[in-house]
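# Structural features, examined
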Amino acid sequence: SRLVPVDAAAVLSPEPATAFDANGPHAANKAAGSTPSDAPERGSEPKLPTIPRKVRSRAATGGTPASTSASTGSSASASSSSSEDEGGICAGSGDQPPLMGCGRQLGWPGPDFVEQDPPPREALVEVAKTAMRTRAAALRRAECDRLTAMRSVPLQELLVFDRERVETSAAPDKPGSADAATGASQPVLAADVSSVTAASAEARHLSRQRAAADKRAGSSSSGATWRPPSGESLRFYSEFESMNLHRVHRVGETEYNLSMAIDTHTRGHTQWYYFRVRGARAGVPYRFNLINMQKGRSLYENGLRPLLYSEKRAAVEGVGWHRAGDDVCYYANFFPRTLPNGKQRSYFTLSFTVSFPHGGDTCYLAHCYPYTVTDLRHDLDSLTATDEGKRLVRRQLLCRTLAGNACEWLAISNWSDAQLRRPLRLERMFERRGSGSPKRAVVLSARVHPGETNASYIMQGLLRALTAANDIAHELREEYVFVVVPMLNLDGVAHGNYRCSLAGRDLNRLWDSPRRSVAPTIAALKSLMAEVSGVTELSLFCDFHGHSRKENAFIYGCHCDGDPERAHLPRVFPHLLAAQCAPFSYDDCSFKMQESKRSSARMVGRQQLGIFNSFTLEASFAGTTIVGAPYHFTQTDFRRLGADFVAALHAYTFLPPIEQAGTIAAIAEHERLRAESGRAGDGDSSEDGSDEDPADGDLEAAELEAIWRGLAAARLARRRRRERSRVTKAEREGGRRGEKGGRKSRRR
């Protein structure tokens, strides 16, 4: 999937949701001439029973018939009894599995049942969660029994994979290795920055747990024995870009405990995983337990499934990244962790089984669709490869990151011939063709959190729509200059972090007063936005994110203080986006300006830079629950969301005053109804996943200061070495010139 200008009709029109990218685990490894097979439309499969809104509202008011209640009870019993036999609450078939445990996954009697009054979806979801809790309790008991029996077995005998050991050896072939032949520059990893891992802590926790299990078991299990698994083990790899896997222990014939690497210079933030597996047998269910998750709630509890990529299936069937994994459970385990305040909490386990489609295959597992720094560079090169792309998109260097990677920003507009001939200067960038007021500015950014890869696919769809050859894109380019930063945290993306940068900080909490020595990309972008607002009107700013605890797509905005007449104006654009984009939920939007978020991008944009429309666009890692039967988001859905963003911006820009007044009146009525039902849009959301303030995994200020001083000293040492090298080179050249002049004098 290359980012070349395409016809906007193809960009803005619906695409099949199961059209996966079959050209490699990520776009940078696209093989020449390989194209995925035609994927079926989402509606080509048999329709699952859906729940009409009127049935849901009647059930909510107590109007569900008795027959429906009886059916609900039988459905619940069928679900709880079959959840373990048929792969759990989120087991499914087909390339587009449903979400939230709906339809046949919960034991509905069949299509004829739709003609009756179905039970409310909330009841079905509760049944699914009850089945998951039951299964999680069984897994916890099995884990305790296994740890009790394993008490005398050294950890080293169970060790299958150790990231520290692999990193010291020669790296095997990896995705992106073919890029060296094309001359593509690779992302730089900071050699002087050591990655903090949870290896020793994990070993201590496991040792303590064995002792605790022995104490709980007492003499009843003193004779229990456990034998190490026999047979060939799976082989794990995490030496490629954006990978995240730290250590693997084999605890059964086909069961493995995996621990993820924590973010650099932090105590945690474990959510993103991405690794390669080899040596699996076809059709054999393997269980993977990711044992050091930290979030107490997760979308895996609601039906989210991991992503699988099979190289053989991609070559034979044309199927790329797709949802896989059965019997998915998320529960608190027995491994304790200590918070900075001294309190004890437990880690959480994400457990699922995977049956690999082919034997002797190379497969990848990931939390979300991977999108790396190399992918971004290939996409930007493709975007400016054509003459039309060069006329619309101008690439500029924003700054260098802590690891030395180049962070670029794009200026997209309809440029005049005179502007194209001159270097890009800020004071002349907003000139219109002919006379008139200067163009307005729109600033867009993404991937401030490295693990939120769906934000990059939203940005990809947006760039396609902005550079398309249609009236919507042309009119927007005539009205605005788009300042786009596709990736803010390049170092974190390259290292496989989930939330933080190499300095161990959440960059979306440093907008208030960013330091170039700690957050150079944030400091440079904020400075650029301040300069732009001094030249022209900055109409809209939006930062793209992924959300780990809520479904659908939605926006966090900022309300207007002390101005009742303009109170609903920041809600106009989200309201238009909800009308344009089916998976976008206006009811999930929030416009409260919380004190804990005062250093986030949207609040600094509103309070310090005076941007009226300052937003955070969130897209769920899972999918949507408001469009018919719930389903997982695909790469195509994320790209379509970016294209819908462009269409909504066009509607917002050219909205007639009469329609704007009607829209504001509709928003006011909608907010009144939400307030009466207790769901006001200015309410705080305690379920924030991307816009939250996760301080549990952060290091203390003194520890970070020491790290920053070390990084600054390393940069200073590199600068001095470069200066000494230049001086030495100049002296050598000067000596050669002097020696040559002396020989000429002697000859004369």
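Residues numbered from 1 in each chain as written. Predicted model: local features only at pLDDT ≥ 70, side-chain atom pairs only at ≥ 80, totals over all residues. Heavy atoms only, no water.

### A closer look at the overall build of the protein
What counts here: Elements are defined by DSSP. Helices are runs of H or I of four residues or more, strands are runs of E of two residues or more, and each kind is numbered from the N terminus. Under the scheme applied here, a residue whose accessible area is under 20% of the maximum for its type counts as buried, over 50% as exposed, and between as partly exposed, the area being computed with a 1.4 Å probe on protein chains only. The contact definition used throughout considers only heavy atoms, calling two residues in contact when any of these lie within 4.5 Å. Every accessible area reported is derived by Shrake-Rupley at a probe size of 1.4 Å, with residue values counting cover from the shown protein chains alone.
The secondary structure content of the protein amounts to 21 helices and 20 strands. Sorting the 748 residues of the protein into buried and exposed places 55% on the buried side. Considering only contacts in the protein between residues 6 or more positions apart, those separated by 24 or more positions represent 78%. Counting every atom, the protein has about 30900 Å² of accessible surface; 51% of that belongs to carbon and sulfur.

### Structural notes on a positive patch on the surface
For clarity, the cut-off: For patch detection, residues must exceed 30% relative accessible area and be free of salt bridges, and they are connected within 9 Å for like charges or within 5 Å for nonpolar side chains (Val, Leu, Ile, Met, Phe, Trp, Tyr). For this analysis, a salt bridge means a side-chain nitrogen from Lys or Arg found within 4 Å of a carboxyl oxygen belonging to Asp or Glu. Only four residue types enter the tally: Lys and Arg on the positive side, Asp and Glu on the negative side, with His and both chain ends excluded. The atoms used to mark charge sites are NZ of Lys, CZ of Arg, CG of Asp and CD of Glu.
A grouping of Arg-719, Arg-720, Arg-721, Arg-722, Arg-724 and Arg-726 is seen on the molecular surface, where their side chains present a positively charged patch. Mapped onto the elements, Arg-720 comes out in helix α21 (residues 701-747). Here Arg-720 falls in the partly exposed class, since its relative accessible area comes to 48%.

### Observations concerning the pairing of strand β4 (residues 255-259)
Quick reminder of the rule: A pair of strands is labelled paired if DSSP reports no fewer than 2 bridges between them.
Where burial is concerned, most of β4 is hidden: 5 out of the 5 residues are buried. Burial along β4 is two-sided: the face carrying Glu-255, Asn-257 and Ser-259 and the face carrying Tyr-256 and Leu-258 are both buried. Connecting strand β3 (residues 247-250) to the next strand, β4, in antiparallel fashion are 4 residues. Pairing analysis gives 4 bridges linking β4 to strand β6 (residues 285-293), with the strands arranged parallel. Bridged to Tyr-256 within β6 is Phe-288.

### Considering the pattern of salt bridges
For side chains bearing opposite charge, pairing can occur when the charged atoms are close. Evaluation of the coordinates by the stated rule reveals 16 salt bridges. Two residues, Glu-253 and Arg-250, come together in a salt bridge whose shortest N-O distance is 3.7 Å. In this structure, Asp-327 and Arg-287 form a salt bridge, with 2.8 Å as the shortest nitrogen-oxygen distance. Taken together, the residues Asp-327 in strand β9 (residues 326-338) and Arg-287 in strand β6 connect sequence positions 40 residues apart. Put simply, Asp-381, Arg-395 and Glu-408 are held in one network by salt bridges that share partners.

### Notes on the nonpolar core
Note the threshold: Among buried residues, the Ala, Val, Leu, Ile, Met, Phe, Trp, Tyr and Cys ones that are joined through side-chain atoms within 4.5 Å form a nonpolar core.
Ranked by internal contacts, the top residues of the largest apolar core, which has 144 residues, are Phe-236, Phe-288, Met-429, Leu-444, Phe-482, Phe-544 and Phe-645. Among the elements that line this core, the one with the most residues is helix α13 (residues 454-466), at 8 residues.

### What to know about the sheet that holds strand β5 (residues 274-278)
With antiparallel pairing, the 5 strands of this open sheet are ordered in space as β2-β5-β11-β7-β8. Each edge of the sheet is formed by a strand with only one pairing partner; in this case those strands are β2 (235-237) and β8 (322-323). Two strands pair when backbone bridges link them, and β5 and strand β11 (residues 362-366) are joined in this way by 5 bridges, in the antiparallel orientation. Bridge pairing links Val-277 to Cys-363 in β11.

### Here's the deal with the confidence of the model for the protein
Rule in force here: Within a predicted model, pLDDT stands for the predictor's per-residue confidence, ranging from 0 to 100.
With 66% of its residues at a pLDDT of at least 70, the protein reaches an overall mean of 74. Between residues 1-118, whose pLDDT stays under 50, and residues either more than four places distant or in other chains, the model counts 229 contacts. Predicted confidence is poor over residues 683-689, with pLDDT under 50, and the contacts of this stretch with residues over four places away or in other chains come to 19 contacts.

### Notes on helix α19 (residues 635-653)
Just so we agree on the cut-off: Every helix has an expected span of 1.5 Å times one less than the residues it contains.
Taking 1.5 Å of rise per residue, 19 residues should cover 27 Å, and α19 covers 28 Å from first to last C-alpha, within 8% of that figure. The buried count for α19 comes to 17 of 19 residues, which makes it a mostly enclosed element.

### A few points about unusual backbone geometry
Its identity as a non-glycine residue notwithstanding, Ser-242 has a phi of 70°, on the positive side. Position of Ser-242 among the secondary structure elements: in the loop between β2 and β3. Classification of Ser-242 as buried rests on a relative accessible area of 4%. One non-glycine residue, His-269, lies in the positive phi region at around 60°. Looking at the element boundaries, His-269 is found in the loop between β4 and β5. Residue His-269 is classed as buried on the basis of its relative accessible area of 9%.

### Topic: the side chain of His-650
Its place among the elements puts His-650 in helix α19. Excluding residues within four positions of it along the chain, His-650 makes contact with Ile-472, Glu-475 and Leu-476.

### So, the packing of helix α14 (residues 471-479) against α19
Test applied: Whenever a helix is involved, its axis is fitted only over the stretch in contact; in every case the axis is a line through C-alpha atoms, and angles between N-to-C directions fall within 0 to 180 degrees. The labels follow the angle: roughly parallel below 35 degrees, roughly antiparallel above 145, roughly perpendicular from 65 to 115, and oblique for the rest. By convention the crossing between two helices is left-handed if the near helix lies anticlockwise of the far one by an angle smaller than a right angle, and right-handed if it lies clockwise.
Contact pair α14 / α19: the axes reach a minimum separation of 10 Å and the direction vectors enclose 60°. Comparing the axis directions of α14 and α19 gives the class oblique. Handedness of the α14/α19 crossing: left-handed. Every residue of α19 that contacts α14 at Ile-472, Glu-475, Leu-476 and Glu-479 is listed here: Val-646, Leu-649, His-650 and Thr-653.

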